[in-house]
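Working through the structure, step by step
As a plain string of letters, each chain reads:
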Amino acid sequence: MALGFWINNKNCYGCKTCSIACKSENRLGAGVLQRRVDEIRQDDPLAVSFLSLSCNHCEEPACVKNCPVKAYEKMENGIVRQNHDLCIGCKTCIEACPYHAPSYDEAESKWL
């Protein structure tokens, strides 16, 4: 059975509490987010939507395929996990991920 994270974006009004709660729970450094809220605007100034995004634990994750040191793995339960000890900080995973979900803490020189 694959695990996942579900959020009802229909009720999202962009308060970013989900992002702050994730940051607090994971004790992330300044400027580092594992969950972000994107604002989607259209031509109509009143037409605005928000989308809460993080790692989607893809079926075939691009971060796993493209990491040159094999620091990522897809576990049996579906979760994509990164081994911080193997990471060399090349940021290939961010570029490979269609959601740009991986985060790198520049101040700490480590992946989150």
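So, how was this worked out
- Residues numbered from 1 in each chain as written.
- Predicted model: local features only at pLDDT ≥ 70, side-chain atom pairs only at ≥ 80, totals over all residues.
- Heavy atoms only, no water.
- Salt bridge = Lys/Arg side-chain N within 4 Å of Asp/Glu carboxyl O.
- Buried < 20%, exposed > 50% of the residue type's maximum accessible area, 1.4 Å probe, protein only.
- Helix = DSSP H or I, 4+ residues; strand = E, 2+ residues; numbered from the N terminus.
- Disulfide = S-S within 2.5 Å.
- pLDDT = per-residue confidence, 0-100.

All chains considered together, the criterion is met by four salt bridges. One salt bridge in this structure joins Asp38 and Arg36, with 3.2 Å as the shortest N-O distance. Its relative accessible area of 27% is what places Asp38 among the partly exposed residues. With a shortest N-O distance of 2.5 Å, Arg41 and Glu39 are connected by a salt bridge. Of the residues examined, Arg41 reaches a relative accessible area of 54% and is grouped as exposed.

Note that Cys15 resides in the segment before α1 (17-25). Cys15 sits 22 residues away from Val37 along the chain, and the two C-alpha atoms are 8.6 Å apart.

Inspection of the entire model under this criterion finds zero disulfides. Cys87 forms no disulfide, and the closest cysteine sulfur to it belongs to Cys93, at a distance of 6.5 Å. By relative accessible area, Cys87 is classed as partly exposed at 22%. With no disulfide partner, Cys97 has as its closest neighbouring cysteine sulfur the one in Cys58, 6.1 Å distant. Residue class for Cys97 comes out buried when judged on its relative accessible area of 10%.

This next bit is on the confidence of the model for the protein chain. Model confidence for the protein chain is summarised by a mean pLDDT of 86, while 92% of its residues fall at 70 or above. By mean pLDDT, strand β6 (residues 110-111) is the weakest element of the protein chain at 54, and helix α2 (residues 62-66) is the strongest at 95.

With respect to the element layout, Ser103 can be found in the loop between α3 (92-96) and β5 (104-105). Since its relative accessible area comes to 9%, Ser103 is described here as buried.

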